[in-house]
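What the coordinates show
The lines below spell out each chain.
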Amino acid sequence: MAEEIICAPATSPFNSALSIIRVSGTGVFDITPVFFKAFTNYEDRKALYGTIVNREGHSLDDVVLTPFKGPRSFTGEDTIEISCHGNPLIVQSILQLLIDEHGVRMAQPGEFTRRAFINGKVDLTEAEAINSIIQAKSEWEVNASLQQMHGSLKNAVASLKDELILLKANIEAAIDFSQEEIEFVSYDQAISQTEGVKSHIEDIYLRCKVSEKMRHGVDIAIVGKPNVGKSSILNMIINSERAIVSDIPGTTRDIIKESVQLGGVHVNFIDTAGIHATEDLVEKIGIKKSHEEIAQAVYVLAVFDNTTGLEASDRELLEILPKDNTFPLVNKCDSESSHSFEDLKDLFAEQSISFSAKQGLGFDILEKRLSEKIQSGFGNVKNNFVADLRIVTLLKTALSMSDGLIHSLMNSEPEEIIAFQINDIINTLEEITGDISDEDVLESIFTRFCIGK
Ligand SMILES: Nc1nc2c(ncn2[C@@H]2O[C@H](COP(=O)(O)OP(=O)(O)OP(=O)(O)O)[C@@H](O)[C@H]2O)c(=O)[nH]1
Ligand SMILES: [Mg+2]
């Protein structure tokens, strides 16, 4: 069915060197010669230099227009891309001309990608990856999104589906030829095949779960007693005076969260209130939050003060820190001190790092150790997927369905029931790629896209 022609700016509404307007839909090449006077001859997928004119013959801007004849276009439809000068007023005037004089309508957010999906140019895993490329906050996410846009998750799901289709075919053949006592696949074989499928689903599920965490960013809490220099460390890492620093103990009361990229991964550093015994009500609330952050964070930077040595409040903190995921930092190493931190030596998996927030000492070592830890903790981060909650939930459903299938096979349930259960898993996988989809699901996916995408 011919869709209406839609248009939208594909670039941000700021003054810039260039802006791009996308126009897509059947009939777009019929209207193009009316508003675009090319200075060169038309050729598909070749940029044309020319001018945009309204019905009165008034010129709006000199532009470069690239035609993409469907289906060899992003949406699969006839499409043009107009590169005009990057002034929001010009972009607005060209869009207005298309709407007023040519019956084109403004696109909804994600409508171009939705059309690409409808026209079979991308499946839902690839569509989500396209959005993810735009929204990515780390190099890791850009790479994973690119791979997924090229079909990494789609192919993984497709090979799972193939395994299940084969299993189902064997089971169905057993039903069809049940009178002839030919056994196409024994239940034992079916169990081992289903276990194979289940472990593949599990692998994809885990790679999606990791990516879910990585997209949120890896939380790293900075904790320690008051005045050790936690806020100074945060400020040093993000290279900004974000948190208030003072020599008054108990300066930070609330949680301060700032994100940076570390080894290509999105990391959230969380500055917390100094932990010690206090009667101050507000400080107490802050300290409670610090404890919560220690419990929730993936890694902890435990800060100690070179000028004071280990005191009672430090020792209390040592009791609650996670052994494997804590990086002990001895801060203020720029100051002379005779204190020993030998006691930290065997408490944590990581050796303590001599640090100075004031002079930036020790940060390179911390950065290297953290990057290594993140890489090992999150597996080979390059092979993960950029799945959202929808995909993760569907994979979880497929996992529990394969458990159900194994259970039924063990109980020697009739072949009809087995075939039915296999079908359910296949349908769930098809929801991931969008072979099966309903309007509400598509709506919720594509409205998360920006306009023009
Ligand atoms: N010499 C030296 N002083 C530092 C260093 N880091 C922080 N300080 C000083 O230590 C004092 C406390 O620093 P903050 O960063 O506010 O300490 P905090 O741990 O956030 O303190 P609270 O928020 O009160 O828990 C300030 O006077 C800082 O200038 C350092 O590396 N060397
Ligand atoms: Mg502070």
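Rules of the game
- Residues numbered from 1 in each chain as written.
- Chains lettered and ligands numbered in written order.
- Predicted model: local features only at pLDDT ≥ 70, side-chain atom pairs only at ≥ 80, totals over all residues.
- Heavy atoms only, no water.
- Near = heavy atom within 4 Å.
- Polar contact = N/O pair within 3.5 Å; in protein donor to acceptor, adjacent residues only side chain to side chain.
- Areas by Shrake-Rupley, 256 points an atom, 1.4 Å probe, with all protein chains shown as cover.
- 1 Å grid on protein atoms, 1.4 Å probe; cavity = no way out; pocket = protein on both sides within 12 Å on 5 of 7 lines; lining within 4 Å.
- Sits in = over half its atoms within 2 Å of the grid points.
- Helix = DSSP H or I, 4+ residues; strand = E, 2+ residues; numbered from the N terminus.
- Nonpolar A, V, L, I, M, F, W, Y, C, P; charged D, E, K, R; others polar.
- Pairing = 2+ DSSP bridges.
- Contact = heavy atoms within 4.5 Å.
- Axes fitted to C-alpha atoms, helices over the stretch in contact; angles between N-to-C directions.
- Phe/Tyr/Trp six-rings, centres within 6.5 Å; stacked < 30°, edge-to-face > 60°.
- Buried < 20%, exposed > 50% of the residue type's maximum accessible area, 1.4 Å probe, protein only.
- Lys NZ or Arg CZ within 6 Å of the ring centre and 35° of its normal.
- Donors = N, O, S within 2.8 Å, 3.2 Å for Na, K, Ca; no water.

In the vicinity of ligand 1 lie 23 residues, with Lys230, Ser232, Gly250, Thr251 and Asp334 positioned nearest. Within the contact set of ligand 1, an oxygen atom lies 3.4 Å away from a backbone nitrogen or oxygen of Gly274. Lys332 has a polar side-chain atom sitting 3.2 Å from an oxygen atom of ligand 1. For ligand 1, whose unbound accessible area comes to 650 Å², protein coverage reaches 89%. When atoms are counted within 2 Å of each cavity's grid points, the one that captures over half of ligand 1 is the largest pocket. Considering each element in turn, the shell around ligand 1 owes the most residues, three residues, to helix α8 (residues 230-238). Per-class residue counts for the shell around ligand 1 are six nonpolar, 12 polar and five charged.

Moving on: the sheet that holds strand β9 (residues 256-262). Working definition: the strands of a sheet are paired by backbone hydrogen bonds and lie parallel or antiparallel to each other. With mixed pairing, the six strands of this open sheet are ordered in space as β9-β10-β8-β11-β12-β13. Two strands close off the open sheet at either side, each with one partner strand: β9 and β13 (353-354). Along the sheet face, helix α7 (residues 187-216) touches β8 (218-224), β9 and β10 (265-271) and points at about 55 degrees away from the line of β10.

Using the criterion set out here, one finds three aromatic pairs in the structure. Arranged with centres 6.3 Å apart and planes meeting at 40 degrees, the rings of Phe117 and Phe446 form a pair that is tilted. On the criterion of sequence distance, the pair formed by Phe117 in helix α3 (residues 111-118) and Phe446 in helix α14 (residues 439-446) is long-range, its members being 329 residues apart. Of the two residues examined, Phe117 and Phe446, each falls in the buried class. On the basis of an interplanar angle of 40 degrees and a centroid distance of 5.3 Å, the ring pair of Phe446 and Phe449 is categorised as tilted. A single burial state applies to Phe446 and to Phe449, both of which are buried. One aromatic cluster is present, built from ring pairs that chain together Phe117, Phe446 and Phe449. The cationic tip of Arg22 hangs over the ring face of Phe112; the distance from NZ or CZ to the ring centre is 5.5 Å.

Turning to the coordination of the magnesium ion (ligand 2), a few remarks are in order. Under ideal tetrahedral coordination, the four donors around a metal are separated by 109.5 degrees; under ideal octahedral coordination, the six donors are separated by 90 or 180 degrees. Taken together, Ser231 (OG) and Thr252 (OG1) make up the protein donors of the magnesium ion (ligand 2), found 2.0 to 2.1 Å from the metal. Residue Ser231 is located in helix α8, and its partner Thr252 is located in the loop between α8 and β9; the two are separated by 21 residues in the primary sequence. Classification of Ser231 as buried rests on a relative accessible area of 8%. According to the relative accessible area criterion, Thr252 is buried, its value standing at 11%.

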